[in-house]
Amino acid sequence: MNEADTCRTYVLPKLKSAGWEDEYISEQMVLTPGRIVPIGDRHTRKEGLRPDYVLSVRQNIHIAVVEAKADYAHPAKGLQQAIQYAEMMGLKFAYSSNGKGIVEHDFITGMERNLDNFPS
């Protein structure tokens, strides 16, 4: 099962079971449009940065980033990526999940911990 499958099969249902409603979950939000790379007299644009999910407490008041990885990967594999996105956005929480386990980085306390479920 790849990352996209993990998102749909495990992560999104876990977010919803924790009480997150669709209007507070942004999927694949574009943080950066991607680098422009010249190729001769033409150019192409590389893939930009997009967290798998951004969680909001109200419309446009974001609080956390969730990065999903394939179900066979360690749950913390995407934590550094989630931390990078959260820092870019000035958010307080970063999560990484393989759909089975969840790792949280709390910028308020500086602590990391393993969770069974996403916070509500």
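This structure is a prediction, so every number in the text was calculated from the model and none was measured. (Residues numbered from 1 in each chain as written. Predicted model: local features only at pLDDT ≥ 70, side-chain atom pairs only at ≥ 80, totals over all residues. Heavy atoms only, no water.)

Caption draft 1: Here's a closer look at the sheet that holds strand β4 (residues 53-58). If you walk across this open sheet you meet the 6 strands as β1-β4-β5-β6-β7-β8, and the pairing is mixed. A single partner strand is all that each edge strand has here, and the edge strands are β1 (25-27) and β8 (112-115). Neighbour-to-neighbour, the strand axes of the sheet open up by a mean angle of 25 degrees, direction not taken into account. With 4 bridges connecting them, strand β7 (residues 102-106) and β8 associate as antiparallel partners. Looking across to β8, one finds that histidine 105 is bridged to glutamate 112. (Pairing = 2+ DSSP bridges. Helix = DSSP H or I, 4+ residues; strand = E, 2+ residues; numbered from the N terminus. Axes fitted to C-alpha atoms, helices over the stretch in contact; angles between N-to-C directions.)

Caption draft 2: Region of the structure containing the packing of aromatic side chains. Considering all chains together, one arrives at 2 aromatic pairs under this definition. Seen in terms of ring centroids, phenylalanine 93 and tyrosine 95 are 6.5 Å apart; in terms of plane orientation they differ by 20 degrees. Their pairing is stacked. Judged by relative accessible area, tyrosine 95 falls into the buried class, the value being 4%. Residues tyrosine 95 and phenylalanine 118 carry aromatic rings whose centres are separated by 5.8 Å and whose planes lie at 75 degrees to one another, so their mutual orientation is edge-to-face. In this pair, tyrosine 95 is assigned in strand β6 (residues 93-97) and phenylalanine 118 in the segment after β8, connecting sequence segments 23 residues apart. Phenylalanine 118 matches tyrosine 95 in its accessibility class, with the two residues each being buried. (Phe/Tyr/Trp six-rings, centres within 6.5 Å; stacked < 30°, edge-to-face > 60°. Buried < 20%, exposed > 50% of the residue type's maximum accessible area, 1.4 Å probe, protein only.)

Caption draft 3: Focus on the side chain of serine 56. If you trace the backbone, serine 56 turns up in strand β4. At 2.8 Å, the side chain of serine 56 forms a polar contact with the side chain of histidine 62. With residues up to four places along the chain from it excluded, the contact list for serine 56 reads Trp20, Tyr24, Ile61, His62 and Ile63. (Polar contact = N/O pair within 3.5 Å; in protein donor to acceptor, adjacent residues only side chain to side chain. Contact = heavy atoms within 4.5 Å.)

Caption draft 4: A look at helix α1 (residues 3-17). A rise of 1.5 Å per residue sets the reference length of α1, with its 15 residues, at 21 Å; its end C-alpha atoms lie 20 Å apart and thus fit the reference within 8%. The largest bend in α1 is about 35 degrees, located at valine 11, with the proline proline 13 one to four residues further on. Those residues of α1 lying buried are Thr6, Cys7, Val11, Leu12, Lys14 and Leu15. In this structure, the buried side of α1 is in contact with β1, β4, β5 (61-68), β6 and β7. Just past α1, the residue glycine 19 takes up positive phi, approximately 105 degrees. (Expected span 1.5 Å × (residues − 1). Bend = angle between axes of the 7 residues up to and from the residue.)

Caption draft 5: Layout of helix α2 (residues 79-89). Leu79, Ala82, Ile83, Tyr85 and Ala86 are the residues of α2 that are buried. Mapping the buried residues of α2 onto a view down its axis gives an arc of 165 degrees, with all of them on the same face. Away from its buried face, by an angle of more than 90 degrees, α2 presents the exposed residues Gln80 and Glu87. Contacts from the buried residues of α2 go to β5, β6, β7 and β8. Positive phi shows up at glycine 90, right after α2, with a value of about 70 degrees. (Arc of directions from axis to C-beta.)

Keep in mind that these numbers describe shape and distance, not what the molecule does.
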